Amino acid sequence: CIWDVGNGGIACAAAEMSMTLETGLDLDLQNLAGHKHVANAHHLLLRPFPNTYLVVCAAKNLEKIRTVLEKWDLSAWKIGQLNDHEKLLIRSLHGKNEVEIPIEHLSNFNLPKDLAPHVPAADIRTADCRHLIEDRHLDPAAAIEQLLGSSNGCSRIEIRQRFDDTIQSNTFATHALSQAGLLRIDGTSKAIALTIIGQPRWSFLDAQWGPVHAVETAARRLVCVGARPLGMAGCLNLGAETAHEAAYLYDQTLVGLKTASNGLRIPVLSLETEFSAEHCGLPLTPVIGMIGLLNESFLYIANVFPSADLHVFLLGHQLGDLSGSEYASQVFGGVAGEIPKPDLEAATHLHSSLLTAIDRGWVQHARANGIGGLGLALAKSCLGPQRIGVRVSLPETPGIHAQLFDELSALAIVSVTTHDREDFVRFARDQDISFCEIGVTGGNQLIVSAGGQMQLSLSIDQLYAGWQTGFPNSSR
């Protein structure tokens, strides 16, 4: 466990760590008596220390950690240990008990509940979006065209172009619909993958769980190009009316990022916060950048269909929930729904299993669902240089809108050849991954049916036209 010693100093960091681990904690600060920043006991307890962390490790790993710290010329002091008497106990510089609090009482020091009403909330924040939308009998084909041209639907292309503008000739994932930019590592066969996501809708609905979904989606995007996530950086843009509100949003977002980091085992390498009057009235936007590693750059996986006659599978458990989706936002003219908690254990298993399938050479194409859900992921998979369409058949339940536009389920579309289909299916069953075969690539249309009834049919020309409306210059 690692905890940042930020505002509130060692005392608050120790209290938060004790609450999180649900165990007692003994700290004795006498070993810090000679620290150059220490003026007195209270100064030591409450002063924020930048770039300083409380770290808990097993006794057997202590020497290994010391070796790493010495290698990087970092200072460290052993100041305590976990205990089983369910108290936070901190002894000051002179051995006096400055803090002694039972851990069940620590929750009393959370932010006051009356801060919550100051956090922006959508009018239909807890709406049952699935039934509200299905009752309107909206045309899913028109929705896909609209979502393709939305600013959110096109934002990733702009991000990829920024990678190219910054890194110049060293990128090699040049197709505009790639879910990550890639860099070769000179002198090796390896490559670094980079992706970025900023999703204010999710965080606006839930400042804690929205960022968790964003981190998981970024990780899944890296996995879908064949890269293993290594680490992430974040920038929190806080739009708030008051300092109390900003503090509440900040704390909730930090909890979410820590939950995602621990659950997915992806370290946070850096975190910046921006709060100014310019952001007041705008949603909280945590922008997550993530890097991953490809052991062999030639194993890069296409995010668009590379050829016809591929078997298309949907991996992952589908919630069928339209909460927080771009589709619900378009329908209601704003964000809507209550964000579900993600299953990070299942997501981690999906990531690991998909990387194994890629390493074994079975996967020809993969794409993570995200903004716009499965519908937009299928549409963008058709927009490759080969202009390969797909015919998809979905179950009758849940409804077509819930299946196509749910974007908070951890899902991936994967395409394999006929030769590899049997091996892939056997592997998915052995790994206990939720999967179903939904279609086959070919033709020049995106065709989706459900329950034996055709639900939408869009030509690739129509998809391109919808996609290009999102750019000021349609020649891109």
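Structure first, text after, so check above.
Residues numbered from 1 in each chain as written. Predicted model: local features only at pLDDT ≥ 70, side-chain atom pairs only at ≥ 80, totals over all residues. Heavy atoms only, no water.

Undergrad: Which residues make up the pattern of salt bridges, and what values go with them?
TA: Two side chains carrying opposite charge are able to pair once their charged atoms lie near each other. Within the structure shown, the criterion is met by 9 salt bridges. K87 serves as the salt-bridge partner of E100, at 3.3 Å between the closest nitrogen and oxygen. Separated by 13 residues along the polypeptide, E100 in strand β6 (residues 97-102) and K87 in strand β5 (residues 87-91) bring together distant segments of the chain. Its relative accessible area of 45% is what places E100 among the partly exposed residues. The residue D461 makes a salt bridge to R387 at a minimum N-O spacing of 2.3 Å. With D461 in helix α16 (residues 460-468) and R387 in the loop between α13 (373-381) and β14 (390-394), this pair connects stretches of sequence that are 74 residues apart. Judged by its relative accessible area of 53%, D461 falls in the exposed class. In this structure, a network of salt bridges that share partners links the residues R201, E326 and E407. (Salt bridge = Lys/Arg side-chain N within 4 Å of Asp/Glu carboxyl O. Helix = DSSP H or I, 4+ residues; strand = E, 2+ residues; numbered from the N terminus. Buried < 20%, exposed > 50% of the residue type's maximum accessible area, 1.4 Å probe, protein only.)

Undergrad: Can you lay out the layout of surface pockets for me, pointing to particular residues and giving the numbers?
TA: As a volume, the second largest pocket reaches approximately 320 Å³. Taken together, 21 residues make up the lining of the second largest pocket; nearest its centre are H317, D343, A346, A347 and A410. Listing elements by their share of the lining of the second largest pocket, those giving two or more residues are α9 (209-223) and α12 (344-359). In the lining of the second largest pocket, the residues fall into 8 nonpolar, 7 polar and 6 charged. (1 Å grid on protein atoms, 1.4 Å probe; cavity = no way out; pocket = protein on both sides within 12 Å on 5 of 7 lines; lining within 4 Å. Points joined across faces, edges and corners; volume = space filled by probe spheres on them. Nonpolar A, V, L, I, M, F, W, Y, C, P; charged D, E, K, R; others polar.)

Undergrad: Tell me about the packing of aromatic side chains, residues and numbers included.
TA: In this structure the tally under the stated criterion is 4 aromatic pairs. Arranged with centres 4.1 Å apart and planes meeting at 25 degrees, the rings of Y327 and F405 form a pair that is stacked. Taken together, the positions of Y327 in helix α11 (residues 326-332) and F405 in helix α14 (residues 400-405) put the pair 78 residues apart, joining distant regions of the chain. By relative accessible area, F405 is classed as buried at 1%. The structure contains a cluster of three or more aromatic residues connected by ring pairs, namely F313, F424 and F435. (Phe/Tyr/Trp six-rings, centres within 6.5 Å; stacked < 30°, edge-to-face > 60°.)

Undergrad: How would you sum up a nonpolar patch on the surface? Please name residues and give values.
TA: A contiguous nonpolar surface patch, about 390 Å² in accessible area, is contributed by I2, Y53, V55 and I65. On the secondary structure map, V55 appears in strand β3 (residues 53-55). (Patch = residues over 30% accessible without salt bridge, like charges linked within 9 Å, V, L, I, M, F, W, Y side chains within 5 Å. Areas by Shrake-Rupley, 256 points an atom, 1.4 Å probe, with all protein chains shown as cover.)

Undergrad: For α12, give the residues involved together with the corresponding values.
TA: The terminal C-alpha atoms of α12, which comprises 16 residues, lie 22 Å apart, in line with the 22 Å expected from a rise of 1.5 Å per residue. The complete set of buried residues in α12 reads L344, A347, T348, L350, H351, S353, L354, L355, A357 and I358. One or two steps after α12, the chain reaches G361, where phi turns positive at roughly 85 degrees. (Expected span 1.5 Å × (residues − 1).)

Undergrad: Describe in detail the environment of R184, supporting the description with residues and values.
TA: Along the polypeptide, R184 turns up in strand β7 (residues 181-184). Taking relative accessible area as the criterion, R184 reaches 44% and is therefore assigned partly exposed. Distance from R184 to L294, taken between C-alpha atoms, is 9.3 Å for residues 110 residues apart in sequence.

Undergrad: A description of the packing of helix α6 (residues 140-148) against α13 should follow, citing residues and the corresponding values.
TA: It is at 10 Å that the axes of α6 and α13 come closest, and there the two elements cross at 70 degrees. Taken together, α6 and α13 sit at an angle that is classed as roughly perpendicular. Residues I144, L147 and L148 of α6 form the contact with α13, whose participating residues are G375, L376, A379 and K380. (Axes fitted to C-alpha atoms, helices over the stretch in contact; angles between N-to-C directions. Parallel < 35°, antiparallel > 145°, perpendicular 65-115°, else oblique. Contact = heavy atoms within 4.5 Å.)

Undergrad: Please provide a residue-by-residue account of the pairing of strand β11 (residues 285-294), values included.
TA: In this sheet, β11 lies alongside strand β8 (residues 191-198) in antiparallel orientation, the contact comprising 8 bridges. Opposite I192, over in β11, you have L293 as the bridge partner. Across 9 bridges, strand β9 (residues 228-238) lies against β11 in antiparallel orientation. When the bridges of β11 are listed, M232 appears paired with M290. (Pairing = 2+ DSSP bridges.)

Undergrad: Describe the side chain of Q199, and please don't skip the residues or the numbers.
TA: Within the secondary structure layout, Q199 lies in the loop between β8 and α8 (200-205). Judged by relative accessible area, Q199 falls into the buried class, the value being 2%.

Undergrad: Give me the lowdown on the packing of α9 against α12, citing residues and values where you can.
TA: Where α9 meets α12, the closest approach of the two axes is 10 Å, and the angle between their N-to-C directions is 10 degrees. Classified by the angle their axes make, α9 and α12 are roughly parallel. Residue-level inspection shows V212, E216, A219, R220 and V223 of α9 in contact with α12, the latter providing L344, A347, L350, H351, L354, L355 and I358. The residue inventory of the contact of α9 with α12, partitioned by class, reads 9 nonpolar, 1 polar and 2 charged.

Undergrad: So, α13: which residues are in play, and what are the values?
TA: Among the 9 residues that make up α13, 9 are buried, leaving the element largely enclosed by the rest of the structure. Regarding α13, the residues found buried are G373, L374, G375, L376, A377, L378, A379, K380 and S381.

Undergrad: How would you sum up the nonpolar core? Please name residues and give values.
TA: Core analysis: the largest hydrophobic core is formed by 39 residues, its most contacted members being I144, L394, L446 and L463. Among residues more than four places away in sequence, those in contact with I144 are G375, L376, A379, F405, L446, L456, L458 and L463. Counting 31 residues, the second largest nonpolar core, distinct from the first, contains W202, L205, I339 and L408. (Core = buried A, V, L, I, M, F, W, Y, C linked by side-chain atoms within 4.5 Å.)

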